Amino acid sequence: MADLNNFSFTGRLTKDAAIKQVNGKTIMEVDVANNIGYGQYAKTNWLKVKMWGDRCNNIAPIFKKGSLVAGSGELSTNVWKNNAGDNKTDIVITVTNLQILSSKKDDTNSEMTEDNEVTF
């Protein structure tokens with residue numbers, strides 16, 4: 001039996017959403033800065049967020065750099081080497097639910113509406 005793997009997060013998009021095709025399937029990718037801790041203990045987690053499905057083509061234009069988002073999905077890691085030969089690790093979340101909480105210009109954290117939620 002597989003273990004439970006469900007990760008929930010909030011954070012700001014660090015760039016606009018990108019769409020690509022992988023083996024004939026549509027994938028949307030966004031990067032999220034997830035800030036934790038306070039003062040001298042403040043830290044930022046850099047998350048790579050992926051969403052699969054044809055709906056990605058329609059929703060990608062609303063996922064813009066600076067938007068505050070909340071999501072949940074499956075956590076995985078990707079280990080790779082940079083040009084200097086150092087090992088690097090990416091945190092990758094394949095989401096089943098992603099919501100825009102506010103845009104960069106609208107930082108009031110106003111109440112969500114159903115139109116903001118994208119569920120896969």
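What counts, and where the lines are drawn
- Residues numbered from 1 in each chain as written.
- Predicted model: local features only at pLDDT ≥ 70, side-chain atom pairs only at ≥ 80, totals over all residues.
- Heavy atoms only, no water.
- Phe/Tyr/Trp six-rings, centres within 6.5 Å; stacked < 30°, edge-to-face > 60°.
- Buried < 20%, exposed > 50% of the residue type's maximum accessible area, 1.4 Å probe, protein only.
- Core = buried A, V, L, I, M, F, W, Y, C linked by side-chain atoms within 4.5 Å.
- Helix = DSSP H or I, 4+ residues; strand = E, 2+ residues; numbered from the N terminus.
- Lys, Arg positive; Asp, Glu negative; His and termini not counted.
- Salt bridge = Lys/Arg side-chain N within 4 Å of Asp/Glu carboxyl O.
- Polar contact = N/O pair within 3.5 Å; in protein donor to acceptor, adjacent residues only side chain to side chain.
- Contact = heavy atoms within 4.5 Å.

Colleague: Provide a residue-level description of the packing of aromatic side chains, including the pertinent values.
Modeller: In total, this model carries one aromatic pair according to the counting rule given. A ring pair is formed by Phe 7 and Phe 9, whose centres lie 6.1 Å apart and whose planes are at 20°; its orientation type is stacked. The exposure class of Phe 7 is partly exposed, given its relative accessible area of 26%.

Colleague: Residue-level account of the nonpolar core, with values.
Modeller: Counting residues in hydrophobic clusters, the biggest one holds 18 residues, and the most contacted among them are Phe 9, Met 28, Val 32, Val 49, Phe 63 and Val 69. Listed by contribution, the elements that provide at least two residues to this core are strand S1 (7-13), strand S3 (25-36), strand S4 (43-52), helix H1 (56-59) and strand S6 (87-102). Counting residues per element, this core draws most heavily on S6, at four residues.

Colleague: Quick one: what's the story with the side chain of Asp 90, residue by residue and with numbers?
Modeller: In this fold, Asp 90 is placed in strand S6. Buried and unpaired, Asp 90 has Lys 48 as its nearest opposite-charge partner, separated by 4.7 Å. One polar contact links Asp 90 to Trp 80, side chain to side chain, over a distance of 3.0 Å. Leaving out residues up to four positions away in the same chain, Asp 90 has contacts with Lys 48, Ser 76, Thr 77, Asn 78 and Trp 80.

Colleague: Describe in detail the pattern of salt bridges, supporting the description with residues and values.
Modeller: Counting across every chain of the model gives five salt bridges. Ionic pairing is found between Asp 16 and Lys 64, a salt bridge with its closest N-O pair at 3.9 Å. With a gap of 48 residues between them, Asp 16 in the loop between S1 and strand S2 (18-22) and Lys 64 in the loop between H1 and strand S5 (68-81) connect regions that are remote in the sequence. Residues joined by salt bridges that share partners form a network here, namely Lys 15, Asp 31 and Lys 48.

Colleague: Explain the side chain of Asp 31 to me, using residue names and the numbers behind them.
Modeller: As for its placement among the helices and strands, Asp 31 is situated in strand S3. For Asp 31, the side chain forms a polar contact with the side chain of Lys 15, separated by 3.4 Å. Excluding anything up to four places from it in sequence, Asp 31 contacts Arg 12, Leu 13, Thr 14, Lys 15, Leu 47 and Lys 48.

Colleague: Any details on unusual backbone geometry? Residues and values, ideally.
Modeller: Its identity is not glycine, yet Asn 23 carries a phi of approximately 50°, on the positive side. As for its position among the elements, Asn 23 is in the loop between S2 and S3.

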